[in-house]
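# Descriptive structure summary
Chain residues, written in single-letter form:
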Amino acid sequence: MPRRTAALLVAIALGSAAAAGCSSAAGPDPAGGSSSGAGAAASVPTPVASAPAASASTTPAPTDSASTEVPAPASSSPPAPVSVSVRGTVTDGLKSPWGLAVLPGGDLLVSERDSARILRVPAKGGGKVVAGTVPGVTSGGEGGLLGLALSPGFATDHRVYAYLSTGSDNRIVRLDLDPSRPAGSQLGAPTVLLSGIPHGPRHNGGRIAFGPDGFLYAGTGDANDRSLAQDRDSLGGKILRLTRDGTPAPGNPFPGSPVWSLGHRNVQGLAWDPQGRLWASEFGQDTWDELNLITPGGNYGWPTVEGTAGREGFTDPVAQWHTADASPSGIAFAHGAVWVAALRGTRLWRVPVDDGRAAGAPQEFLRGDHGRLRTVAADGDGSLLLVTDNTDGRGSPRPGDDRILRLDVSAG
């Protein structure tokens, strides 16, 4: 049974109702998402100290155990406060964008959930090119063409990985990208690597990313069937760890299984810190959205618990928010912190971390300035790339939506 992660928990009081629509909170909304009722007036979050957290690593876990403990790196000074400014718009006119990948040389690939298109955006911004449309995608609810990831060997193999929905399941596919071909036909035929991930109108997960160990990680949802999250034989409500060909990665905690961690409701973001620890964001149900530090074989509690529980056998989140303040989607690690794009919360959260735990209260930026925020990524020049998502049927589109913004992060 995995060792509990004692966390530095930050509870952010429920603020005034934000734009409706996300997969966190009870009850359906008109767009097929969920909503939660208004709560007390917002208050300043107060960090509460606790015992040191267990560290997580992408180092393969022993195959005869459900977890592994890895010594944490030496503690360092907490990151200093920062400010965030919008440098400019990289591109606009996107329709329900979801996944984002930075190509060698700086060009971007972005997926559109409902159109099933992958677009290429020049590094300096401006006109975008349709690389192609991925066949077999069924959109509707929270399904469609979702996360993107580049092969670690993309410079030579030109392979792109995608997480998508069909009429019966979610699956991970691999495509070749050839930018020398005409626009609209730059993608090769998809090769299915993993199928049978549970699919539903909500809670489809969808984020994929290659870890520093070279394996592919995928965040899945419980497909609106909460029992799947605790079922080790189901791919729903999990973080999966795969080889580049879609087979279970060696060293996974459950022999022969792609499952890396379980007990998740709807994993939406994956990112690694410089020590190789995996962080994940997760939509809550009625009360708490979560930022978790992932350990191999760890059980994150859903549906038995939501948010901090302090129960043996379950790993508590490192930070949590009321659902109206977050609905966390994509995350990125940069400048000593985990950055969290919030959909319903319509803001960018910064969670400073040190030695695998929160090093201070989360700080919010851009609150309401750009509407719903789907994806955040770190670029090579130290800036952040931020993808809005106001055209997904739950937001209030503004002229030019949706767009990719470039953010500058500076001290003070």
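The paragraphs below set out a description of the structure included in this document. (Residues numbered from 1 in each chain as written. Predicted model: local features only at pLDDT ≥ 70, side-chain atom pairs only at ≥ 80, totals over all residues. Heavy atoms only, no water.)

### Digging into the side chain of Gln186
For clarity, the threshold we go by: Numbered from the N terminus, helices here are DSSP runs of H or I no shorter than four residues, and strands are runs of E no shorter than two. A 3.5 Å cut-off defines polar contacts: any pair of N or O atoms within that distance qualifies, except that in protein one atom must be a possible hydrogen donor and the other a possible acceptor, and neighbouring residues in sequence count only when both atoms are side-chain atoms. Contact criterion: two residues are considered in contact whenever any of their non-hydrogen atoms come within 4.5 Å of each other.
Note on placement: Gln186 falls in the loop between strand S8 (170-176) and strand S9 (191-197). A distance of 3.1 Å separates the side chain of Gln186 from the backbone oxygen of Arg181, its partner in a polar contact. Apart from the residues lying within four places of it in its own chain, the contact partners of Gln186 are Val129, Ala131, Asp176, Leu177, Asp178, Pro179 and Arg181.

### Topic: the side chain of Ser234
Applied cut-off: Three exposure classes are used, based on accessible area relative to the maximum for each residue type with a 1.4 Å probe and protein chains only: buried under 20%, partly exposed in between, and exposed over 50%.
Checked against the element boundaries, Ser234 lands in the loop between strand S11 (216-219) and strand S12 (238-242). Given the relative accessible area of 8%, Ser234 is considered buried. In terms of polar contacts, Ser234 uses its side chain to reach the backbone amide nitrogen of Gly236, at 3.0 Å. What Ser234 contacts, discounting residues up to four positions off in sequence, is Pro198, Leu228 and Val259.

### Some words on the packing of aromatic side chains
Applicable threshold: Each aromatic pair joins two rings of Phe, Tyr and Trp (for Trp, the six-membered one) with centres within 6.5 Å, and gets the label stacked for planes under 30 degrees apart, edge-to-face for over 60, and tilted for any other angle.
Following the criterion strictly, the structure yields 5 aromatic pairs and no others. For the ring pair Tyr161 and Phe210, a centre distance of 5.0 Å and an interplane angle of 80° mean the geometry is edge-to-face. A residue pair is termed long-range when its members are at least 10 positions apart, and Tyr161 in strand S7 (residues 159-165) and Phe210 in strand S10 (residues 208-210) qualify at 49 residues. For Tyr161, a relative accessible area of 0% gives the class buried. Here the aromatic rings of Tyr217 and Trp272 are separated by 5.1 Å at their centres, their planes lie at 70°, and the arrangement is edge-to-face.

### Things to note about the pattern of salt bridges
For clarity, the cut-off: What makes a salt bridge here is a side-chain nitrogen of Lys or Arg within 4 Å of a carboxyl oxygen of Asp or Glu, nothing more.
Using the criterion set out here, one finds 22 salt bridges in the structure. For Asp325, the salt bridge is made with Arg347, and the minimal N-O distance between the two is 3.7 Å. Of the two residues, Asp325 sits in the loop between strand S17 (319-322) and strand S18 (328-334) while Arg347 sits in the loop between strand S19 (337-342) and strand S20 (348-354), which places them 22 residues apart along the sequence. You can call Asp325 buried: its relative accessible area is 2%. The class of Arg347 is buried, set by a relative accessible area of 3%. For the salt bridge of Glu364 with Arg367, the shortest nitrogen-to-oxygen distance reads 3.4 Å. Note on Glu364: relative accessible area 31%, which makes it partly exposed. The exposure class assigned to Arg367 is partly exposed, which follows from its relative accessible area of 38%. Each of the salt bridges in this network shares a partner with another, and the network as a whole consists of Arg87, Asp379, Asp381, Arg406 and Asp408.

### Some points on the sheet that holds strand S5 (residues 129-133)
As a reminder, the rule being used: Pairing between strands requires that DSSP locate at least two bridges from one strand to the other. To define axes, lines are fitted to C-alpha atoms, for helices over the stretch in contact only, and angles between the resulting N-to-C directions are given on a 0 to 180 degree scale.
Read across the open sheet, the 4 strands follow the order S2-S3-S4-S5; overall the sheet is antiparallel. Each edge of the open sheet is held by one strand with a lone partner, namely strand S2 (97-102) and S5. With strand direction ignored, the average angle separating the axes of adjacent strands in the sheet is 25°. Sheet topology note: the strand S4 (residues 117-121)/S5 ladder contains 4 bridges and is antiparallel.

### Describing the sheet that holds strand S13 (residues 259-262)
Strand pairing within a sheet occurs via backbone hydrogen bonds; the two strands may be parallel or antiparallel. In spatial order, the strands read S10-S11-S12-S13; together these 4 strands make up an open sheet with antiparallel pairing. A strand with exactly one partner marks an edge of an open sheet, and here the two such strands are S10 and S13. Averaged over all pairs of adjacent strands, the angle between their axes in this sheet comes to 20°, without regard to strand direction. Of the pairings in the sheet, the one linking S11 to S12 comprises 4 bridges and is antiparallel in character. From the neighbouring strand, Ala218 faces S12, where its bridge partner is Leu240.

### Quick word on the layout of surface pockets
It is a probe the size of a water molecule, rolled over the atoms, that shows where empty space is left. To keep it simple, the criterion reads: Space inside and on the surface of the protein is sampled on a 1 Å grid over the protein atoms alone, with a cavity defined as a set of points where a 1.4 Å probe fits but cannot get out and a pocket as an open set with protein on both sides within 12 Å along at least 5 of 7 lines; lining residues have an atom within 4 Å of a point. Grid points are joined across faces, edges and corners, and a volume is the space filled by probe spheres set on the points. When residues are grouped by polarity, Ala, Val, Leu, Ile, Met, Phe, Trp, Tyr, Cys and Pro land in nonpolar, Asp, Glu, Lys and Arg in charged, and all others, Gly among them, in polar.
Put simply, the largest pocket is a space of about 690 Å³. What lines the largest pocket is a set of 27 residues, among which Leu100, Ala209, Phe210, Leu270 and Ala377 lie closest to the centre. Across the lining of the largest pocket, the residue classes break down as 22 nonpolar, 4 polar and 1 charged.

### Concerning unusual backbone geometry
Here Trp302 and Pro303 are connected by a cis peptide whose omega angle stands at 0°. Mapped onto the elements of the fold, Pro303 is located in the loop between strand S16 (288-294) and S17. Phi is positive for Ala116, which is not a glycine, with a value near 65°. Positionally, Ala116 belongs in the loop between strand S3 (108-112) and S4. Even without glycine at this site, His203 takes up a positive phi of about 60°. Take His203: its relative accessible area is 3%, and that puts it in the buried class.

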